[in-house]
Amino acid sequence: MEEDFCFRCGTTLFFSQDSNTIFSGECEKCGQGYAKEKGKTLIESRKDSSFAILLYSIIFETENVSNEKINNISSAYLEYDKRYLKVLIEDIDDELTNPKRKLTNFHNLHGTEEIARDYLKRLSEEMKKQYTTTLNQNNG
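Residues numbered from 1 in each chain as written. Predicted model: local features only at pLDDT ≥ 70, side-chain atom pairs only at ≥ 80, totals over all residues. Heavy atoms only, no water.

**Regarding helix α3 (residues 82–97)**
With 16 residues, α3 ought to run about 22 Å at 1.5 Å a step, and its terminal C-alpha atoms sit 22 Å apart, in line with that. Along α3, the residues that are buried comprise Leu 85, Leu 88, Ile 89, Asp 91, Ile 92 and Glu 95. Here the buried residues of α3 occupy an arc of 160 degrees about the axis, which is enough to place them on one side. Exposed side chains of α3 directed beyond 90 degrees from the buried face belong to Arg 83, Lys 86 and Thr 97. (Helix = DSSP H or I, 4+ residues; strand = E, 2+ residues; numbered from the N terminus. Expected span 1.5 Å × (residues − 1). Buried < 20%, exposed > 50% of the residue type's maximum accessible area, 1.4 Å probe, protein only. Arc of directions from axis to C-beta.)

Structure, rendered in structure tokens:
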């Protein structure tokens, strides 16, 4: 099996075999969990992936996601701890700037990689806008 590296910190990953086709592991440096199916690309494990929940919302989308849906999803995240939102937005922006994974591997998305990346880009922009608006309202 080829060497895989942690998406977050770049540390070499080591895997144990969970079944005949599934391997799992955790980064020794930062603790990020990973899974790998034999013959497929590395994915973050669902339990601590910053992308899994976001991408689950568009699993059946085969066209670009509507602005209304993006606004609704973004609004739902305003309830989360602001530190989590900051990290989530940073992770999205980092993935969009420096792609490290194939997004359609999460949940076997029905749409294309382009649809998933467009969605994350627009979602990140909307989250930043809503987050800033909320902060300004709370401080004003």
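After that view of the structure, there is still more to cover.
**Focus on the pattern of salt bridges**
This model, assessed by the stated rule, comprises eight salt bridges. Across the pair Arg 122 and Asp 118 runs a salt bridge whose closest N-O atoms are separated by 2.7 Å. In this pair, Arg 122 and Asp 118 are both assigned in helix α4 (residues 113–139), four residues apart and thus about one turn of the helix distant. Under the relative-accessibility criterion, Asp 118 is labelled partly exposed at 23%. The shortest N-O distance in the salt bridge between Glu 125 and Lys 121 comes to 3.2 Å. (Salt bridge = Lys/Arg side-chain N within 4 Å of Asp/Glu carboxyl O.)

**Some points on the environment of Leu 55**
Looking at the element boundaries, Leu 55 is found in helix α1 (residues 52–56). For Leu 55 and Asn 108, which are 53 residues apart along the polypeptide, the C-alpha to C-alpha distance reads 9.9 Å. Beyond its immediate sequence surroundings of up to four residues, Leu 55 is in contact with Leu 103, Phe 106, His 107, Leu 109, Ala 116, Tyr 119 and Leu 120. (Contact = heavy atoms within 4.5 Å.)

**Quick notes on the pairing of strand β3 (residues 33–37)**
Moving residue by residue along a regular strand, the side chains alternate between the two faces of the sheet. In terms of burial, β3 is a largely internal element, four of the five residues being buried. As judged from the five bridges shared by strand β2 (residues 22–26) and β3, these two strands associate in the antiparallel manner. Its bridge partner being in β3, Glu 26 is matched across the sheet by Gly 33. (Pairing = 2+ DSSP bridges.)

**Some points on the side chain of Glu 95**
When you line up the elements, Glu 95 lands in helix α3. Given the relative accessible area of 1%, Glu 95 is considered buried. A distance of 2.8 Å separates a polar atom in the side chain of Glu 95 from a polar atom in the side chain of Arg 117. Not counting residues within four places of it along the chain, the set of residues in contact with Glu 95 comprises Phe 51, Lys 100, Arg 101, Leu 103 and Arg 117. (Polar contact = N/O pair within 3.5 Å; in protein donor to acceptor, adjacent residues only side chain to side chain.)

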